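What follows is the residue order along each chain.
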Amino acid sequence: REHRGLSLYIWKQYWMIPFFGIIFTIIAANALYKIPTDIIRYAAFLFLIMAIVSRLFPLHLPLKDNNITKSIVGILSGIGNGLASIDGPPVVAYLTTIKADQATFKVVLAFHFLTMGLFAALIHFLKGAYQQDMILLITSLSLGSLCGILVGMKIARHLNQKTFDRIVLVLLLLLSISLII
């Protein structure tokens, strides 16, 4: 019960990030079809590198944990989501900069990814980006992702903060490399 209460408390503190993320996902998704693919791929790469750098070398920026900062993070995340379905790096950079603990980090990202992913999928579906055969593939990938999330949550319970940080860095690095290969 404590975990649920903690999650609800965290959600109440950070709801503005996905809220503004959704708004700017719509704006960026409408621009998506007018921007060359290579530009989007390299922009996504830079977003990921930004998150990696912020985890390796904590920036001592005077970011405050307030609604204005959360709104800006949501806007950047929405732009990344609408253009390249990569909405996490601004949130990762923000949470790292404010030194969020592991529980806050996980809850905010889990809620954010769920909200933004579903919303982006809906927008692309409504724009006709998914063909009939892709819906089956997306459904099966979603089920695999759900299994991965559940396993990851079980593993994360047994990790200390340092190990958790290292795993996040490795995953971000692998994702960024995949964008330029």
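Because the structure is predicted, anything quoted here is derived from the model rather than measured.

**Points about empty space enclosed by the protein**
Part 1 of the argument: A complete count under the given rule lists one cavity of 30 Å³ or more for this structure.
Part 2 of the argument: Reported here for the largest cavity is a volume of approximately 60 Å³.
Part 3 of the argument: Ile10, Trp11, Tyr14, Trp15, Ile17, Pro18, Val107, Val108, Phe111 and His112 together form the lining of the largest cavity.
Part 4 of the argument: For the lining of the largest cavity, the secondary-structure elements that each account for two or more residues are helix 1 (2–14), helix 2 (16–32) and helix 6 (102–126).
Part 5 of the argument: No other element matches helix 6, which puts four residues into the lining of the largest cavity.
Part 6 of the argument: When grouped by side-chain class, the residues that make up the lining of the largest cavity number nine nonpolar, one polar and no charged.

**Quick notes on the environment of Leu46**
Part 1 of the argument: For Leu46, the position within the fold is in helix 3 (residues 37–56).
Part 2 of the argument: Each C-alpha atom, one on Leu46 and one on Ser176, is 8.1 Å from the other, the two residues being 130 residues apart in sequence.

**Some points on the nonpolar core**
Part 1 of the argument: With 22 residues, the main nonpolar core has Val91, Leu95, Phe105 and Leu172 as its most contacted residues.
Part 2 of the argument: Secondary-structure elements contributing two or more residues to this core are helix 1, helix 3, helix 5 (88–97), helix 6 and helix 8 (161–180).
Part 3 of the argument: If sequence neighbours within four positions are ignored, Leu95 has contacts with Ala100, Phe105, Val108 and Leu109.

**Some details on the confidence of the model for the protein chain**
Keep in mind that low pLDDT regions are not for reading the predicted coordinates in detail.
Part 1 of the argument: Averaged over all residues, the pLDDT of the protein chain is 80; the fraction at 70 or higher stands at 93%.
Part 2 of the argument: Put simply, helix 1 is where the protein chain has its lowest mean pLDDT, 68, and helix 4 (residues 67–84) is where it has its highest, 89.

**Things to note about the side chain of Thr25**
Part 1 of the argument: Of note, Thr25 is situated in helix 2.
Part 2 of the argument: A polar contact is formed between the side chain of Thr25 and the side chain of Asn81, at a distance of 3.1 Å.
Part 3 of the argument: Ignoring sequence-local partners within four residues, the contact set of Thr25 consists of Gly78, Asn81, Gly82, Met116, Phe119, Ala120 and Ile123.

**Digging into the packing of aromatic side chains**
Part 1 of the argument: Per the stated rule, a full pass over the model turns up three aromatic pairs.
Part 2 of the argument: Ring geometry for Trp15 against Phe19: centres 5.7 Å apart, planes inclined by 65°, an arrangement best described as edge-to-face.
Part 3 of the argument: Note on Phe19 and Phe20: the rings are 5.2 Å apart at their centroids and 90° apart in plane angle, and the pair reads as edge-to-face.
Part 4 of the argument: Assessed through its relative accessible area of 41%, Phe19 is described here as partly exposed.
Part 5 of the argument: Members of the aromatic cluster, connected to one another through ring pairs, are Trp15, Phe19 and Phe20.
Part 6 of the argument: Taking the ring centre of Tyr14 as reference, the NZ or CZ of Lys70 above it sits at 4.7 Å.

**Details of a nonpolar patch on the surface**
Part 1 of the argument: A cluster of nonpolar residues, Leu8, Trp11, Trp15, Phe19, Ile23, Ile27 and Phe111, forms a patch on the protein surface that exposes about 640 Å² of accessible area.
Part 2 of the argument: Sorting the residues of the nonpolar patch by element identifies helix 1 and helix 2 as the ones contributing at least two each.
Part 3 of the argument: Counting residues per element, the nonpolar patch draws most heavily on helix 2, which supplies three residues.

What counts as what
Residues numbered from 1 in each chain as written. Predicted model: local features only at pLDDT ≥ 70, side-chain atom pairs only at ≥ 80, totals over all residues. Heavy atoms only, no water. 1 Å grid on protein atoms, 1.4 Å probe; cavity = no way out; pocket = protein on both sides within 12 Å on 5 of 7 lines; lining within 4 Å. Points joined across faces, edges and corners; volume = space filled by probe spheres on them. Helix = DSSP H or I, 4+ residues; strand = E, 2+ residues; numbered from the N terminus. Nonpolar A, V, L, I, M, F, W, Y, C, P; charged D, E, K, R; others polar. Core = buried A, V, L, I, M, F, W, Y, C linked by side-chain atoms within 4.5 Å. Buried < 20%, exposed > 50% of the residue type's maximum accessible area, 1.4 Å probe, protein only. Contact = heavy atoms within 4.5 Å. pLDDT = per-residue confidence, 0-100. Polar contact = N/O pair within 3.5 Å; in protein donor to acceptor, adjacent residues only side chain to side chain. Phe/Tyr/Trp six-rings, centres within 6.5 Å; stacked < 30°, edge-to-face > 60°. Lys NZ or Arg CZ within 6 Å of the ring centre and 35° of its normal. Patch = residues over 30% accessible without salt bridge, like charges linked within 9 Å, V, L, I, M, F, W, Y side chains within 5 Å. Areas by Shrake-Rupley, 256 points an atom, 1.4 Å probe, with all protein chains shown as cover. Salt bridge = Lys/Arg side-chain N within 4 Å of Asp/Glu carboxyl O.

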